[in-house]
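Topology and contacts: notes
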Amino acid sequence: MIGLISATSAGAAARDRLAAAWPERTRVYDGPVGDAVRAAFAQCEQLVCFLATGAVVRLVAPLLGDKASDPGVVCVDEGGRFAVSLVGGHGGGANELADEVGELLGAEPVVTTATDAVGVPGLDTLGFPVEGDVAGVTRALLDGAPVALKTEVSWPLPPLRVTTEGTYSIRVTDRAATPADREVLLRPPSLVVGVGASKGAPVDEVLELVEGALREAGLSARSVAELATVDAKAGEPGIVEAAERLGVPLVTYPAEELAAVDVPNPSDAPLAAVGTPSVAEAAALVRGGELLVPKRKSAATVAMATCAVVRRPARGRLAVVGLGPGARDLLTPRAKAELRRASVLVGLDQYVDQIRDLLRPGTRILESGLGAEEERARTAVTEARKGQAVALIGSGDAGVYAMASPALAEASDDIDVIGVPGVTAALAAAAILGAPLGHDHVSISLSDLHTPWEVIERRVRAAAEADIVVTFYNPRSRGRDWQLPKALAILAGHREPTTPVGVVRNASRPDESARLTTLADLDPATVDMMTVVTVGNTATRRIAGRMVTPRGYRWQAAPNSGSAAGQEGAE
């Protein structure tokens, strides 16, 4: 919960905007400011104070404990110009909250945490438990001193300015180890503990078994990602509470799925009880991995619990990111986050240039020129299979005439794939033209480099006969100058010569240009590969200089029923 505190009417207005935007996340604290801050500090994970930073410093100073438990505190000035991350930048999430508040209120986020200021990810913000000399190693990263990365367990990480050797080190491990001097241990969530239990098994017996198995195998409990068991034991109190005490989720699987897992130590007892010859080993192995601790029973006189431990394979991460049509303000926050998370960036050289300044120091960039789409897709998947966090970029939306299709055709289920949508060229052009896509519409690429013209022509005819608004991508190049006239002629066989046509070049970019013409007057020679051509349907109209396609066909059915205004249907 985020506590909201203000002292003036201007602050209260901004406070209320946050409360209205985040009704489930926020709570307004009224009354004397000092009492409000103290109450919110004790009751909330984060605070947004619409007060001067000096006032907030004096109010929260006596309340501070340590950065691991203090709430994050953000200050917003009376003019709503700045959102200052004051306390708990990392541990309390104040840095991210300052960004969110700034975006919502139109304020500039102010973050002074050293790592954030220079674009180096904080070691305590990677989502892993961290041990050791965090301050010293972080300072070395900031100073550019050599920091060695030692990966005993491969796991996708954001870019870190690391080397193979150095006085300082970062070790990625799930082993039960003590950090050396000038060393940080990162604990990846690499271990899965399968658990079986008889009805009524005490939680202490389950916990002692699990912790003992990890300890004897030399493994860290901080790398346990989950407890796993059979569906029939999803509500078994001893297992449920053990997961809660360990701070990990409990994942369950159907008995028939576990019965299909090949295990070294099957047994008739669980087969009779829950329908699978193995619970602990099968639940740990069902998603693959290396069996580190075979099934073992608890040490109780009458053992009521079993467990097994598996190191699951590291899964690389491939984010397929749409950059939008080119304007920075049309690049989504999610896309920016994925670009900063990736340790490897793969993309067309000109697209890389668009977002190079958003990348963290240390990001490895693999760029290539036009015509190498399939090679880029293979490269991105290959890097992800090595356990890297990879971003594969494309313009517009990466799933529309871009990199998602070749990448997903190359990828299998051994990596995690995340799609990040982007604003397409068709949508950017439509916003410039007015509302040409108000009813059914289709996008068709006129490039026959990958698709036979016969197929393209069949699709254009289908759109023409169905009276669908058409947006043409890749309409004309030096070597392909006849396809657009042919496509327009097909549409002209089903639409009036006066049908509105919108032509937008370099939508959303500095040299953007747009014009409205008609199907009869469009000169294909004025169109190139940087242009999007949108041809209206029989209902599309030119209204006040804008291209508008109504949401229904009542304009056509009742042309004398009044003006276009008011004809829009209900949601």
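Source: prediction; values computed, not measured.

Attention shifts here to helix H18 (residues 483-492). Of all the residues in H18, the buried ones are Gln483, Leu484, Ala487, Leu488, Ile490 and Leu491. All buried residues of H18 lie within an arc of 155 degrees about the axis, which places them on one face of the element. Among the structural elements, helix H17 (453-465), strand E23 (469-473) and strand E26 (531-535) are those in contact with the buried residues of H18.

Unusually for a residue other than glycine, Asn474 sits at a positive phi of about 45 degrees. Asn474 gets classed as partly exposed once you look at its relative accessible area, which sits at 22%. A positive phi angle is found at Ser508, which is not glycine, with a value near 75 degrees. Residue placement: Ser508 occurs in the loop between strand E24 (500-505) and strand E25 (513-518).

With that settled, consider the sheet that holds strand E8 (residues 147-151). Spatially, 4 strands are ordered E7-E10-E9-E8 in an open sheet, and the strand pairing comes out mixed. The outermost strands of the open sheet, each flanked by one partner alone, are strand E7 (130-132) and E8. Looking at each pair of strands side by side, their axes are set apart by 20 degrees on average, direction ignored. Bridge count for E8 against strand E9 (residues 168-172) is 5 bridges, and the pairing is parallel.

Quick look at the pairing of E24 now. By the criterion of burial, E24 is predominantly enclosed, with 5 of the 6 residues buried. When E24 meets E25, the two strands line up antiparallel, connected through 6 bridges. Opposite Val503, over in E25, you have Arg515 as the bridge partner. For E24 and E26, the ladder comprises 5 bridges, and the chain directions are antiparallel. Across the sheet, Val504 pairs through a bridge with Val532, a residue of E26.

In spatial order, the strands read E22-E23-E26-E24-E25; together these 5 strands make up an open sheet with mixed pairing. Across the chains shown, the open sheet's two edge strands, defined by having one partner strand only, are strand E22 (441-445) and E25. Across the sheet, the axes of successive neighbouring strands diverge by a mean angle of 20 degrees, strand direction being ignored. Sheet topology places E23 next to E26; 3 bridges connect them, and they run antiparallel. When the sheet's bridge partners are listed, Phe472 is paired in E26 with Val533. Contacting E22, E23, E24, E25 and E26, helix H16 (residues 425-433) runs over the sheet at an angle of about 115 degrees to E24. Of the strands in this sheet, E23 and E26 touch H18, which is tilted by about 175 degrees from E23.

This part takes up the pattern of salt bridges. For the coordinates displayed, the defined rule picks out 28 salt bridges. Between Arg317 and Glu338 there is a salt bridge whose closest N-O contact spans 2.6 Å. Taken as a pair, Arg317 in strand E16 (residues 317-322) and Glu338 in helix H12 (residues 333-341) lie far apart in primary sequence, 21 residues in all. Across the pair, exposure class does not vary: Arg317 and Glu338 are buried alike. It is possible to trace a salt-bridge network through shared partners that takes in Arg15, Asp16 and Asp30.

Where burial is concerned, most of E16 is hidden: 6 out of the 6 residues are buried. Side-chain alternation along E16 places Arg317, Ala319 and Val321 on one buried face and Leu318, Val320 and Gly322 on a second face that is also buried. Judged from the 6 bridges that link them, E16 and strand E19 (residues 389-394) form a sheet pairing that is parallel. Along E19, the bridge assignment pairs Ala319 with Ala391.

In this section: the environment of Ala380. Within the secondary structure layout, Ala380 lies in helix H14 (residues 373-385). Separated by 208 residues in sequence, Ala380 and Val172 have C-alpha atoms that sit 23 Å apart. Discounting residues that sit within four places of it in the chain, Ala380 has contacts with Leu318, Val346, Val390 and Leu392.

Take helix H7 (residues 203-216) next. End to end, H7 covers 20 Å across 14 residues, agreeing with the expected 20 Å (1.5 Å per residue, within 8%). Here H7 has its buried residues at Val203, Glu205, Val206, Leu207, Leu209, Val210, Gly212, Ala213 and Leu214. Remark: Gly218 follows H7 within two positions and exhibits a positive phi of approximately 70 degrees.

Analysis parameters
For every chain, the first residue of the written sequence is number 1, and numbering continues from 1 along that sequence. The predicted origin of the model limits local features to residues at a pLDDT of at least 70 and limits the giving and counting of side-chain atom pairs to 80 or more, whereas totals for whole chains, interfaces and linings rest on all residues. Hydrogen atoms and water are omitted, and side-chain values are computed over all heavy atoms in the structure. We call a residue buried when its accessible area falls under 20% of the maximum for its residue type, exposed when it is over 50%, and partly exposed in between, using a 1.4 Å probe and counting protein chains only. Strands are runs of DSSP state E lasting at least 2 residues, helices are runs of H or I lasting at least 4, and numbering of each runs from the N terminus. Think of it as the arc spanned by the lines of direction from the helix axis to the C-beta atoms. For this analysis, residues touch if any pair of their heavy atoms sits within 4.5 Å. Paired strands, in this sense, are two strands between which DSSP finds at least two bridges. To obtain an axis, a line is fitted to C-alpha atoms, over the contacting stretch when the element is a helix, and the angle between two such axes runs from 0 to 180 degrees between their N-to-C directions. Whenever a carboxyl oxygen of Asp or Glu lies within 4 Å of a side-chain nitrogen of Lys or Arg, that contact is scored as a salt bridge. Every helix has an expected span of 1.5 Å times one less than the residues it contains.

The values are spatial; any link to function lies outside them.
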